[in-house]
Amino acid sequence: MTCFSSADESAHYGFSVCMLLEHYRSHLRWEDEGVVELGTGDATAIADVVRSLPGLRVRSYDISAPSVEAARANIAARGVADRYTVELGDFFDQADSAGGPPVSTVISNPPYIPAPDRDIRMPELWGGVRGNDLVLQLLKAGYPNVITAVASYSDPETTVRTAGDLGYRVANFLAMGLDFGTYSSEPKVRDHIRRLCADGHGWAADDGYMVAVALFTTDPDVPGDRADQLLKALQL
Ligand SMILES: C[S@@+](CC[C@H](N)C(=O)[O-])C[C@H]1O[C@@H](n2cnc3c(N)ncnc32)[C@H](O)[C@@H]1O
């Protein structure tokens, strides 16, 4: 087992989470409640966010033991261990049973690699056949605010429309083009992505794809809905 490593993707995730937390500070209530995170990875991206937002506390979960080990070292090295904690285990088993007051906001760069089965380079990154199983599970978990990465090749239309059916609006998002990396370039995955896109379940170019980090909210005080803009931004 290895630890997830994709510098551009993690940097985009961290920067976007920071922007969205700052911009929607009063609505997301993170200064009072903290946030929870699905999928810590090596923790570098969010450790830097915790460092730059003094009132932020993050309770994070990862199913990968090497990731948790690396994350704890990186969090300690950045001096934020008192505000960024990591537990080994499935987010969906642990976050609800952790006790303490409820949290309104979850953040995640979730596993979104689509493949016919879990037998891929890093099985912890498998997002199901269309890549969006984990993000759909997260949207169905009942958090009022979900800040999550949405990849253009992982059936984003179903994700965004399901979010709408569940009562979420897209408050805002930050999108970026990424080259196919270590995990999406694996031939089995790449072929599957080509088929998914040809069948109308996503978008990808020959050499890359788009990822947006979006804030889905049910908060009636947050204005607007950028769901259609998000889907346009993911098209290649
Ligand atoms: C795409 S990586 C993102 C890591 C990190 N947040 C970043 O952006 O650099 C997704 C992470 O989610 C973890 N993961 C997968 N399924 C999980 C689950 N059910 N609960 C908690 N973590 C999970 C994987 O082990 C992996 O480290």
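Anything mentioned here points back to the structure above.
A brief report on the enclosed structure follows. Everything numeric in this text was worked out from a predicted model, so none of it was measured. (Residues numbered from 1 in each chain as written. Predicted model: local features only at pLDDT ≥ 70, side-chain atom pairs only at ≥ 80, totals over all residues. Heavy atoms only, no water.)

## Section: the nonpolar core
Here is step 1: Grouped together as the largest cluster of nonpolar side chains are 49 residues, with contacts concentrated most on L21, I46, L56, Y84, I147, Y153 and Y209.
Here is step 2: Sorting the residues of this core by element identifies α1 (7–23), α4 (44–52), α5 (65–77), β3 (84–88), β5 (145–151), β6 (169–179), α9 (187–198) and β7 (208–217) as the ones contributing at least two each.
Here is step 3: Beyond its immediate chain neighbours, meaning those up to four positions away, Y84 contacts E37, T40, A43, I46, A47, V50, V58, S60 and I75.
Here is step 4: Within the second largest apolar cluster, 27 residues are counted, among which are Y168, F173, M210 and L231. (Core = buried A, V, L, I, M, F, W, Y, C linked by side-chain atoms within 4.5 Å. Buried < 20%, exposed > 50% of the residue type's maximum accessible area, 1.4 Å probe, protein only. Helix = DSSP H or I, 4+ residues; strand = E, 2+ residues; numbered from the N terminus. Contact = heavy atoms within 4.5 Å.)

## Focus on α5
Here is step 1: With 13 residues, α5 should reach 18 Å at 1.5 Å per residue; the first-to-last C-alpha distance of 19 Å fits that figure.
Here is step 2: Along α5, the residues that are buried comprise S67, V68, A71 and I75. All buried residues of α5 project into a common sector of 95 degrees when viewed along the axis, lining one side. Across from the buried face of α5, at angles greater than 90 degrees, the exposed residues are E69 and A77.
Here is step 3: Downstream of α5 by one or two residues, G79 has phi in the positive range, about 75 degrees. (Expected span 1.5 Å × (residues − 1). Arc of directions from axis to C-beta.)

## Topic: the environment of L21
Here is step 1: Structurally, the position occupied by L21 is in helix α1.
Here is step 2: Relative accessible area serves as the criterion here: at 0%, L21 is assigned to the buried category.
Here is step 3: Sequence-wise, L21 and T105 are 84 residues apart; in three dimensions their C-alpha atoms are separated by 9.6 Å.
Here is step 4: Once you skip the residues sitting within four places of it in the chain, L21 turns out to touch L28, W30, V35, V49, L53, L56 and I147.

## Structural notes on the packing of aromatic side chains
Here is step 1: Under the defined criterion, the tally for this structure stands at ten aromatic pairs.
Here is step 2: The interplanar angle of 75 degrees and the centroid separation of 5.9 Å between the aromatic rings of Y61 and F91 together place this pair among those described as edge-to-face. Here Y61, found in strand β2 (residues 58–62), pairs with F91, found in helix α6 (residues 91–94); they are 30 residues apart in sequence, far enough to count as distant. Neither Y61 nor F91 differs from the other in exposure class; each is buried.
Here is step 3: Aromatic side chains F180 and Y209 sit 5.6 Å apart centroid to centroid with 25 degrees between the ring planes, which places their arrangement in the stacked category. Highlighted residues: F180 in the loop between β6 and α9 and Y209 in strand β7, separated in sequence by 29 residues. The two residues F180 and Y209 agree in class, both being buried.
Here is step 4: What links up through ring pairs into an aromatic cluster is the set Y61, F91, F92 and Y143. (Phe/Tyr/Trp six-rings, centres within 6.5 Å; stacked < 30°, edge-to-face > 60°.)

## Re helix α8 (residues 156–165)
Here is step 1: Where α8 is concerned, the buried positions are P156, T159, V160, T162 and A163. Projected onto a plane normal to the axis of α8, the buried residues spread over an arc of 160 degrees and lie on a single side.
Here is step 2: Those residues of α8 that are buried are in contact with α7 (133–139), β5, β7 and α10 (227–233).
Here is step 3: One or two steps after α8, the chain reaches G167, where phi turns positive at roughly 100 degrees.

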